[in-house]
Amino acid sequence: MEIVLKDLCALIRKTTLHYQETCAQKDVQITDEFKEKFASYLRDRNYMADFYEYTAFITSPAGGYMYVPNQWFVVAAYAVGVYTELMKYKKDLMAVCEYMGESSKALVPALRNTPGAVDRKLFLEACDDIFKGYEKEDADTAKMRMWRFATDYSWWSGNKTVDRGDFHKSVILNMLSLVAVSGDFIPDIVAGYCEAGMTDIVSDLSNFTLTENGPTYSFDGYQDPVLDYKPAADMVKKDQSGVAVPYETDSEGDIVISVRSRK
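Reading the values: rules and limits
- Residues numbered from 1 in each chain as written.
- Predicted model: local features only at pLDDT ≥ 70, side-chain atom pairs only at ≥ 80, totals over all residues.
- Heavy atoms only, no water.
- Pairing = 2+ DSSP bridges.
- Helix = DSSP H or I, 4+ residues; strand = E, 2+ residues; numbered from the N terminus.
- Buried < 20%, exposed > 50% of the residue type's maximum accessible area, 1.4 Å probe, protein only.
- Salt bridge = Lys/Arg side-chain N within 4 Å of Asp/Glu carboxyl O.
- Phe/Tyr/Trp six-rings, centres within 6.5 Å; stacked < 30°, edge-to-face > 60°.
- Lys NZ or Arg CZ within 6 Å of the ring centre and 35° of its normal.
- pLDDT = per-residue confidence, 0-100.
- Contact = heavy atoms within 4.5 Å.
- Axes fitted to C-alpha atoms, helices over the stretch in contact; angles between N-to-C directions.
- Parallel < 35°, antiparallel > 145°, perpendicular 65-115°, else oblique.
- Left-handed = near helix turned anticlockwise from the far one by under 90°.
- Nonpolar A, V, L, I, M, F, W, Y, C, P; charged D, E, K, R; others polar.

A. Layout of the pairing of strand β2 (residues 55-59). Where strand β1 (residues 48-51) meets β2, four bridges bridge the pair, whose relative direction is antiparallel. Considered in β2, the bridge of F51 is made with A56. Adjacent in sequence and paired antiparallel, β2 and strand β3 (residues 65-69) are bridged by five residues, among which G63 carries a positive phi angle near 95°.

And the structure:
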């Protein structure tokens, strides 16, 4: 089986546990290679960065500045896998909007708030077109997950609608147990790793720190849950639009039930 789209709920949960178990909350020294690459990325965006032993001093184009503990660069590395997967989902959802001939600014909020009013058949037809290069079973799994991503934000700890450029921030902050006021720059660091081509470097602590080692986002803990498309009658639930949705089970076989919240 080829995983077209990972189960976001399972990925976030496993990543959170891995982060909590392995990320030591202490001062960290980072390598010169990392400093040079990330400083170059910031310069290309008219930011300036000065790195010191345990901190960095970053100046914005408008003249604002912030002190960033090196620990933030380590913490951000743990969220790269989740961020990457969220961006894959968003890209495919934008393709669904285009296929359906709808503006993402109109369709994405409608999918979250009033999914029963959306043409679900056309949505799934769009998914069939997007995932047509994959085996049917794999494409069907991706199609079900795409519908759930678009209509059930509690499944992936979402808050802001996916059409927004900052929709991923609250997911990352919640996953890492960070307060938005103090740690809001960390999701930007995560995005920076991906945009700067630094994902390989930050996949293991030994690649970019002087004293730590072990995988960050690139760990072996994720196992894709089994999605049963022909469940028994008592194993079927309906979402708030009345659509039957199979339960997903996690890697231990426990039923995972998601309740949609309205925001």
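That shown, we press on.
B. Region of interest: the pairing of β1. On β1, burial follows the alternation: A49 and F51 on one face are buried, whereas M48 and D50 on the facing-out side are not. Hairpin remark: β1 followed by β2, antiparallel, with three residues in the connecting loop.

C. Main features of the pattern of salt bridges. Scanning all chains against the criterion turns up 15 salt bridges. Note that K169 and D184 form a salt bridge whose closest N and O atoms lie 3.9 Å from each other. With a gap of 15 residues between them, K169 in helix α8 (residues 169-175) and D184 in the loop between α9 (180-183) and α10 (185-195) connect regions that are remote in the sequence. Connected via shared salt-bridge partners are D128, K136, D140 and K143.

D. Structural detail: the packing of aromatic side chains. Applying the stated rule across the entire model yields 17 aromatic pairs. Consider the rings of Y19 and Y78, whose centres lie 5.4 Å apart with planes at 70°: the pair is edge-to-face. Highlighted residues: Y19 in helix α1 (residues 8-22) and Y78 in the loop between α3 (70-77) and α4 (80-100), separated in sequence by 59 residues. Here the two residues Y19 and Y78 agree in accessibility, since each one is buried. Arranged with centres 5.9 Å apart and planes meeting at 5°, the rings of F34 and F38 form a pair that is stacked. A residue pair is termed a helical-turn pair when its members lie 3 or 4 positions apart in one helix, as F34 and F38 do in helix α2 (residues 32-43) at four residues. For the residue pair F34 and F38, the accessibility class agrees, reading buried in each case. By way of ring pairs, the aromatic residues F34, F38, Y41, F51, F73, Y193 and F208 are connected into one cluster. Here R112 stacks its cationic end above the ring of Y153, 5.3 Å away from the centre of that ring. The ring of W147 has R120 lying over it, and the distance from NZ or CZ to the ring centre is 4.9 Å.

E. Examining the confidence of the model for the chain more closely. In this model, the chain carries an average pLDDT of 87, and 84% of its residues clear a pLDDT of 70 or more. The lowest-confidence element of the chain is strand β8 (residues 255-256), averaging 38 in pLDDT; the highest-confidence one is α4, averaging 98.

F. Expanded view of the environment of F219. Examined against the element boundaries, F219 turns out to sit in the loop between α11 (205-208) and β4 (226-227). Expressed as a C-alpha distance, the spacing of F219 and T15, which sit 204 residues apart in the sequence, is 8.4 Å. For F219, the contacting residues outside a window of four places in its chain are K14, T15 and H18.

G. Local environment of the sheet that holds β3. Taken in spatial order, the three strands make up an open sheet running β1-β2-β3, and their pairing is antiparallel. This sheet does not close on itself; its edge strands, each paired only once, are β1 and β3. Averaged over all neighbouring strand pairs, the angle between strand axes comes to 20°, with direction disregarded. Against the sheet, α2 makes contact with β1 and β2, and its axis sits at roughly 160° relative to β1, the strand it touches most. The strands touched by α3 within the sheet are β1, β2 and β3, with β3 carrying the most contacts at an inclination of about 70°.

H. Highlighting the packing of helix α6 (residues 120-130) against helix α7 (residues 136-151). Two elements in contact, α6 and α7, have axes separated by 9 Å at closest approach and are oriented at 130°. Put simply, α6 runs oblique to α7. In this structure, α6 crosses over α7, and the sense of that crossing is right-handed. Here R120, F123, L124, C127 and D128 of α6 come into contact with α7, specifically with K143, M146, W147 and A150. Considered class by class, the residues forming the contact of α6 with α7 number six nonpolar, no polar and three charged.

I. Broad picture of unusual backbone geometry. The backbone of N46 shows a phi angle near 65°, a positive value even though the residue is not glycine. Secondary-structure assignment places N46 in the loop between α2 and β1. The phi dihedral of S177 falls on the positive side, at around 55°, and the residue is not glycine. Relative to the helices and strands, S177 is located in the loop between α8 and α9.

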